[in-house]
Amino acid sequence: MDIKDDARPVEAASVMELFPSRPRLLALGEPTHGEDVLLDLRDDLFWQLVEREGYRAIAIESDCLAGLVVDDYVTGGAGALDEVMERGFSHGFGASAANRELVRRMRAHNDGRPAEEHLRFAGFDAPLEMSGAASPRAALMALHTYLATRLDANLLTCTAETLDHLLGADERWTDPAAMMDPSHSVGRSAEAERLRLLAEELVALLDARTPYLIAASSREEWHRARLHGRTATGLLLYHSWMADTSPGRMARLLGLRDSMMAANLLVLAERGPTLVHAHNRHLQRELSTMRLGALSLEWWSAGALVSARLGGEYAFLATALGTIRHRGVGVPPPDAVEGLLYGLPGERHVVNVHDLVAALGDTRLVPRFSPYYGYFPLDPAHLTDSDAILFVRDVARSSSAGETP
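Presented here is a report on the structure given in the accompanying data block. None of the values given here were measured: they were computed from a predicted structure.

Sizing a probe to match a water molecule and rolling it over the atoms shows the empty space that remains. Approximately 630 Å³ is the volume found for the second largest pocket. As for the second largest pocket, its lining consists of 27 residues, of which Asp71, Arg120, Glu220, Leu268 and Arg271 are closest to the centre. At the level of secondary structure, the elements contributing two or more residues to the lining of the second largest pocket comprise helix H3 (67-76), strand S4 (120-125), helix H11 (219-242) and helix H12 (249-271). Per-element tally for the lining of the second largest pocket: the top contributor is H11, with 5 residues. Residue composition of the lining of the second largest pocket, grouped by class: 10 nonpolar, 9 polar and 8 charged.

Next up on the list: the packing of aromatic side chains. Throughout the structure, instances matching the rule amount to 3 aromatic pairs. For the pair Phe89 and Phe121, a centre-to-centre distance of 5.6 Å together with 65° between the ring planes defines the contact as edge-to-face. Separated by 32 residues along the polypeptide, Phe89 in the loop between helix H4 (81-87) and helix H5 (97-110) and Phe121 in strand S4 bring together distant segments of the chain. Its relative accessible area of 10% is what places Phe89 among the buried residues. Positioned above the aromatic ring of Tyr55 is the side chain of Arg22, whose terminal nitrogen or guanidinium carbon lies 6.0 Å from the ring centre.

With that out of the way, let us pick up empty space enclosed by the protein. Counted under the stated rule, the structure contains 2 cavities of 30 Å³ or more. Roughly 40 Å³ of volume is contained in the second largest cavity. Every residue along the wall of the second largest cavity is listed here: Leu28, Gly29, Glu30, Leu38, Leu41, His277, Thr319 and Val392. Mapped by element, the contributors of at least two residues to the lining of the second largest cavity are strand S2 (25-30) and helix H2 (36-53). A per-element tally of the lining of the second largest cavity places S2 first, with 3 residues. For the lining of the second largest cavity, the class distribution of residues is 4 nonpolar, 3 polar and 1 charged.

Attention now goes to the pairing of strand S11 (residues 348-352). The side chains of a regular strand alternate between both faces of the sheet. Extensive coverage of S11 is indicated by the burial of 4 of its 5 residues. Pairing of S11 with strand S12 (residues 388-394), which is carried by 5 bridges, proceeds in the antiparallel orientation. Residue His349 lies in a different strand from S12, and its bridge partner there is Phe391.

As a further point, take the side chain of His33. Here His33 is to be found in the loop between S2 and H2. Here the side chain of His33 touches Glu61 through a polar contact of 3.3 Å, side chain to side chain.

Let us look at the pattern of salt bridges. Opposite charge on two side chains allows them to pair when their charged atoms are near. If you walk through the whole model with that rule in mind, you get 23 salt bridges. Asp244 is the partner of Arg188 in a salt bridge, and the nearest nitrogen-oxygen pair spans 3.0 Å. Here Arg188, found in the loop between helix H8 (171-174) and helix H9 (190-208), pairs with Asp244, found in the loop between H11 and H12; they are 56 residues apart in sequence, far enough to count as distant. For Arg188, a relative accessible area of 38% puts it in the partly exposed group. Linked through salt bridges whose partners overlap, the residues forming this network are Asp71, Asp72, Arg120, Glu220, Arg224 and Arg271.

With that settled, the discussion passes to the packing of H3 against H11. Relative to each other, H3 and H11 sit at 165°, their axes nearing to 13 Å. Our classification of the angle between H3 and H11 gives roughly antiparallel. Both H3 and H11 take part in a crossing whose hand is right-handed. Across the interface between the two elements, Leu68, Asp71 and Asp72 of H3 pack against Arg224, Leu227 and His228 of H11. Per-class residue counts for the contact of H3 with H11 are 2 nonpolar, 1 polar and 3 charged.

Reading guide: rules and limits
Residues numbered from 1 in each chain as written. Predicted model: local features only at pLDDT ≥ 70, side-chain atom pairs only at ≥ 80, totals over all residues. Heavy atoms only, no water. 1 Å grid on protein atoms, 1.4 Å probe; cavity = no way out; pocket = protein on both sides within 12 Å on 5 of 7 lines; lining within 4 Å. Points joined across faces, edges and corners; volume = space filled by probe spheres on them. Helix = DSSP H or I, 4+ residues; strand = E, 2+ residues; numbered from the N terminus. Nonpolar A, V, L, I, M, F, W, Y, C, P; charged D, E, K, R; others polar. Phe/Tyr/Trp six-rings, centres within 6.5 Å; stacked < 30°, edge-to-face > 60°. Buried < 20%, exposed > 50% of the residue type's maximum accessible area, 1.4 Å probe, protein only. Lys NZ or Arg CZ within 6 Å of the ring centre and 35° of its normal. Pairing = 2+ DSSP bridges. Polar contact = N/O pair within 3.5 Å; in protein donor to acceptor, adjacent residues only side chain to side chain. Salt bridge = Lys/Arg side-chain N within 4 Å of Asp/Glu carboxyl O. Axes fitted to C-alpha atoms, helices over the stretch in contact; angles between N-to-C directions. Parallel < 35°, antiparallel > 145°, perpendicular 65-115°, else oblique. Left-handed = near helix turned anticlockwise from the far one by under 90°. Contact = heavy atoms within 4.5 Å.

Okay, structure coming up:
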């Protein structure tokens, strides 16, 4: 078995030749967060896609509402870079030197160009952290403000004051104890149930008045209102399930997060070709699984949901790593996927998975064990659920911070 002929350099041309046509969403996964070498690789690929393939947007696994701060900066210079990095990212990703350079360079690229040539930035994650979910206030009030300033008050089923009263203090929604103890959640209170109904009615009104609203504001403002509507209804449903006490609670929460991601990605696909970057687990096509104590959890990832809708217009490159020595991850065993790729000359490669599987023949690969909880090796049983593997031989220590997926 020799796979050397199947390995290509990590360049836009090598990636794009894998597909019959340009994907609307080109998803690049990473098996661990917080390593700038992976972000540098992402950015190298992004700029090549911009220059050679007509891509005009990048979306990362970060809070979709916070991402608006970054997009305002790269398209119009709003705010100072330090503030943008602090407010425009979730999960600690604003501390990344690579993310900072990406934002700086996107702003420099857009400066002086007409709006139709601008590069755009998006977060596509929900406003969630490992410890819980955000209050729906920001999204819900933004949606209401957009509608109330453009439509007759008689069309709206509630006032801003009503929403404010029902929302109450944000601390009620963000109590970290609610993540593991449903009794601490307000998600199924009478106020929360009323808010869910009102949010759905506001979203329905937004949809029903689309032609007028676009004419009365702009398509961009309408898109943002849609984002606020999706986020408000998604957060209220998420909080409702946080208050649930059934065995299906955690699987539903995991699935809801990926469903919210998928909804954001599908809108980005409508707007033009986009490079998507997130953990492999959020972009994979196969069924997601996890064991949590005695529970065996299953749900579909954002990538699986989007792929089912877009078909060949969604493409997934899974990244695999050789060593992360500062995390205790040494040279992979030769009978793992990573071990097989580790034997290739050079530091970085793109490998077509179908060519790889053909080259393997009857050779059986085994799952790799990771001593570091934040790193997820590839599962050899699901190689063909990605379109290609991007392999990085050795990952050096970086200064980035970030959560696990």
